[in-house]
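This is what each chain is made of:
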Amino acid sequence: QAALFVSAAARPFVVRLLVRKRRASASAMLAAGVILAGLAPWAAWAGDALLHELDSDRAPDASVFPRVTRHRLPPALSKVQGPKATNKFWANWVVSRGEHGPIFPMPYALKWRAKGACAAAEMTISHGTPQYEYGGVAGPGRITKISTPFVSELSLGAVEELAPGHHTIVREGLFGVHVQVRGLPANSNRKVTYPVFSGMAYVSGRYENLRPRISAQPRAMLALDKVRPGVWAYRHNGGREFRVYVLTENGAFADDSFNFDQEGRLNKPLDGWVRAAAVNGPSDAAALDEHAGSVLVNMELDVESSGVVRYRFQAHPAGAPILHFAFAHHMKMLSNGSQLSAAVAPSQTPTKGNMRAVVGSTWTLKVDTDEASQLDFLPPGEPRADRKRFLRDEALGTLDWFLKGVNWRTTMFKGSYYFSGKGFQKVAMVCLLVEKFFGAQHGKTQRCAGLLAHGFKCLYNRAAAGDCTGAPVGSYYDEDWGGVPSRQGFHDVGCEGGADFGNACYNDHHYHFGYFVVSAAILAKLMPAYAQDHAFVAYINDLIRDTANPSSNDPFFPRFRHFDWFALHSWSRGVVPSGDGKDQESTSEEVNLLYGLFLWGRARNDAKMQQLGSTMLALCSMTLQEFFLMKNSNPHYPAAFVQNHVTGIFFQNKLDYTTWFGTKKEFIHGIQMLPLTPALFLSRKAEFCQQEWSDIVSKLPLPPWDPWTSVLLTGSLALVSADAAYGRLAVMDPGSVDDGLTRAYALYWAATQDTQEVSTSGTAEAPGARVGRTPAAIAAITSAAVALLGAAALIAAWALRRRRRRASAASAEPGSSPVPLKSAPQAFSPKEVGSP
């Protein structure tokens, strides 16, 4: 039994290196054998191909990341040694303040019920039904919120009094944890260990010398009927049915001497397993019975080139296939090695529709990475010849403004990591435009890259950098969790959201640091010496290790802090507990980090990092299209919610059509569009953009002085009608665009889009409506467009005369995060760069 719970630090390391140079005509493969063989069976796989070491033997530089302990929310309920996960589904149960809250491994939700002095005496299972809230910001007849109340269906506990205190996390991986509750006396071998994994079909407890107890509280148990030895049928007064199993330590059904009484108490101590699974359909019971003896004790991950992802299920006893639930996007990618269990009815989840049961020891998922692998630093396509001169002058004028006085500094240094990161990438994209028009070795290009180099030196070598006024205060290396949280808010309540959006409590690191990773890749492209600069590379690699660490052997950082390899997208919330589980608000800022991994690998000729980035981009983008960015045909949610087209804040247990910083639709939709990079093309497809524009965005005011207008025109209209977007952006004052964007890059973006021009009004055209348009119709459309642009220009001129550079974001509610869009200070005048 001890082998099942052997420390993750002792895992054998299996590596297969696939070496493939970019654009090479052939590949070479190196294979390495199993190291330290013979430990726990579940530890036989520690990674494959792309899950490589990334400076894992190097401690973060203490002069950059001073070491610190005593985090505001420490991992008080974990015995896991070394770095610990912060943004996974079980994090509520790792901090003291979250121990009474639920976790959401899906399809079940779990919660502790206290009994006597033990706060974790019973593990309570909920498998509820989503409820809908109508109206609000979504509008009449539309759903604004979907949530699932926690309803106790069945609890696993013990007849005996358990030890005073709390549960303990004794092991964790990428997909789940082992949680333990001890019996009395406290130093005895009496305990219950629960393996909890994403997608598990059964809730299981490994009992050692304790009498299990099944409870229906606060409901009334109507039946706990023995079907045959080791198998019981459970039903409570709410109508829900479960299958309950008692197994020996080796997974065999218990003999006929084991019985539950009317109070749900087993008649004698057990050295074995108790399992429970919801019955959702008439044929479920037989299928659940068939696989009940195969207990999931571990899941491991392999990520290979060409978009191959494998989940390896470790069963107890070893070798038996596992019945496990898959999300809809898993089903689309499953290629072999497992099969759908048609006998098991779909299982409802709170926020991702139905899961389907799959049987197998390995799932092999295959995602198409071709589109992601072909991404470049700038969007594909070329501007029209008659626009190139203006775009060149616009880019040069923007750079000249950055170089004037301290404008570069006020753009790149905003105090916080989030807003500073936006400023870095804002400058970096202008550098790419200058390179595009003048060449990489041109003096202007190198001066622009020099701004980035100076900015980064302020982050990793401030003493030698010179003027760093306004730069982020820096990060610690946190020995409690294993990460680099911001010093801002680390020692006070700002950790929980008020300071830099809670960076110190591990909120949003993938958003914040993604901007720096992308900017670093651009610097390494323009100044290749930086790709080999030890201090610079170490700093960026540490940001990647903190957010998306691919190594299982890194003693300083956890693996993939944000990315959930079962959900196949990231979670933003760190260690601050939440009753609705983890959440994510900005899908596009997640995409930006993954794009950064791809570019960083490309800039440094690191094929593994580049392929890992493209694989994660492809997986994430597919997930976003499945669940976050809703086309009219989305099958997972009611039509009255799908009409919103974006989910808003996506919690594990709740979909809330809003943002953390306000309820305006400009915020709710715009936060899914920034920053503007070619990686957005992977998830924001033409059909979705047309529907979102026609149904929602086109009906918003979109005044030229509102910074959100620049985001919505580029992230939405430009992908539907590029010329219309270009015209409206051209009359915006450069000081009125988003603080992470320049008008120069916004115009270049619109000028390079290859769209089939469609209606930009609130009414979508029917498919094929453009076929066979007459010259008269085209002339009428052109005249109308010119008239609209003229009117927009008059409005903009009036606005500029009145100096109406107002930020449109509503004031944040007390205790909420600040609005992430503000007007840029002292932006250069349009006349400095001519007119379109």
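In this report, we go over the structure that sits alongside the text. (Residues numbered from 1 in each chain as written. Predicted model: local features only at pLDDT ≥ 70, side-chain atom pairs only at ≥ 80, totals over all residues. Heavy atoms only, no water.)

On to the pairing of strand β10 (residues 176–182), then. Across the seven residues that make up β10, a large majority, six, are buried. When strand β9 (residues 168–172) meets β10, the two strands line up antiparallel, connected through four bridges. Counterpart to Ile169 in the pairing with β10 is Val179. Between β9 and β10, which pair antiparallel and follow one another directly, the connecting turn spans three residues. Alignment of β10 against strand β11 (residues 191–197), held across seven bridges, turns out to be antiparallel. Among the inter-strand pairings, Val181 is bridged to a residue of β11, identified as Val192. (Buried < 20%, exposed > 50% of the residue type's maximum accessible area, 1.4 Å probe, protein only. Helix = DSSP H or I, 4+ residues; strand = E, 2+ residues; numbered from the N terminus. Pairing = 2+ DSSP bridges.)

Moving on, we come to the sheet that holds strand β13 (residues 212–215). Within the open sheet, the four strands sit side by side as β4-β5-β8-β13. Their pairing is antiparallel. Of all strands in the sheet, those bounded by a partner on one side alone are β4 (109–115) and β13. Going across the sheet, the axis of each strand differs from the next one's by a mean of 30°, ignoring polarity. Examined bridge by bridge, strand β8 (residues 154–158) and β13 share four bridges and lie antiparallel to one another. (Axes fitted to C-alpha atoms, helices over the stretch in contact; angles between N-to-C directions.)

With that settled, consider the packing of aromatic side chains. Counted according to the given criterion, the structure contains 47 aromatic pairs. For the pair Phe651 and Trp660, a centre-to-centre distance of 5.9 Å together with 70° between the ring planes defines the contact as edge-to-face. A cation over an aromatic ring shows up here: Lys268 above the ring of Phe258, its NZ or CZ 4.3 Å from the ring centre. Above the face of the Tyr476 ring, Arg487 is positioned so that its terminal group lies 5.6 Å from the ring centre. (Phe/Tyr/Trp six-rings, centres within 6.5 Å; stacked < 30°, edge-to-face > 60°. Lys NZ or Arg CZ within 6 Å of the ring centre and 35° of its normal.)

Next up on the list: the environment of Tyr637. Mapping Tyr637 onto the fold places it in the loop between α12 (607–628) and α13 (639–642). Note on Tyr637: relative accessible area 7%, which makes it buried. Separated by ten residues in sequence, Tyr637 and Thr647 place their C-alpha atoms 10.0 Å apart. With residues near it in sequence (within four places) discarded, Tyr637 still touches Ile146, Thr351, Lys352, Phe627, Met630, Val642, Phe650 and Leu655. At 2.7 Å, the side chain of Tyr637 and the backbone oxygen of Thr351 are in polar contact. Of note is the side chain of Tyr637, whose polar atom sits 3.3 Å from the backbone oxygen of Phe627. (Contact = heavy atoms within 4.5 Å. Polar contact = N/O pair within 3.5 Å; in protein donor to acceptor, adjacent residues only side chain to side chain.)

Summed over all chains, the structure comprises three disulfides. Sulfur-sulfur distance for the disulfide between Cys458 and Cys468 comes to 2.0 Å. Its torsion about the S-S bond being -85°, the disulfide of Cys458 and Cys468 is classed as left-handed. Separated by ten residues along the polypeptide, Cys458 in helix α7 (residues 443–460) and Cys468 in the loop between α8 (462–465) and β24 (477–478) bring together distant segments of the chain. Since its relative accessible area comes to 1%, Cys458 is described here as buried. The side chain of Cys495 participates in a disulfide bridge whose partner is Cys505; the two sulfur atoms lie 1.9 Å from each other. Its S-S torsion of about 110° marks the bond between Cys495 and Cys505 as right-handed, since a negative value means left-handed. Here Cys505 lies in the loop between β24 and α9 (509–526) and Cys495 lies in the loop between β24 and α9, a separation of ten residues in the sequence. Here the two residues Cys495 and Cys505 agree in accessibility, since each one is buried. Numbered in order of appearance, the disulfide-bonded cysteines of the protein are paired 1-2, 3-4, 5-6. (Disulfide = S-S within 2.5 Å.)

We now examine the sheet that holds strand β27 (residues 583–584). Taken together, the five strands give an open sheet; going across it, the order is β6-β7-β29-β28-β27, and neighbouring strands pair in antiparallel fashion. Two strands lie at the open edges of the sheet, namely β6 (131–134) and β27, each paired on one side alone. Relative to strand β29 (residues 654–656), strand β7 (residues 143–147) runs antiparallel, the two sharing three bridges. Residue pairing for β29: Ile146 is matched across the bridge by Leu655.

Interhelical geometry of helix α4 (residues 385–403) versus α7 gives an angle of 45° and a closest axis separation of 11 Å. In terms of axis orientation, α4 runs oblique to α7. The crossing of α4 and α7 is left-handed. Along its contact with α4, which presents Leu396, Leu399, Asp400, Phe402 and Leu403, the element α7 presents Lys444, Arg447, Cys448 and Leu451. Residue composition of the contact of α4 with α7, by class: six nonpolar, no polar and three charged. (Parallel < 35°, antiparallel > 145°, perpendicular 65-115°, else oblique. Left-handed = near helix turned anticlockwise from the far one by under 90°. Nonpolar A, V, L, I, M, F, W, Y, C, P; charged D, E, K, R; others polar.)

Let us look at the pairing of strand β18 (residues 295–304). Counted residue by residue, β18 has ten buried out of ten residues, so it is predominantly covered. Two strands pair when backbone bridges link them, and β18 and strand β19 (residues 308–316) are joined in this way by nine bridges, in the antiparallel orientation. Pairing of Glu300 across the sheet is with Arg312, part of β19. A loop of three residues connects β18 with β19, the two strands running antiparallel in sequence, and Ser306 in this loop sits at a positive phi of about 65°.

What follows deals with the side chain of His512. Mapped onto the secondary structure, His512 falls in helix α9. Classification of His512 as buried rests on a relative accessible area of 0%.

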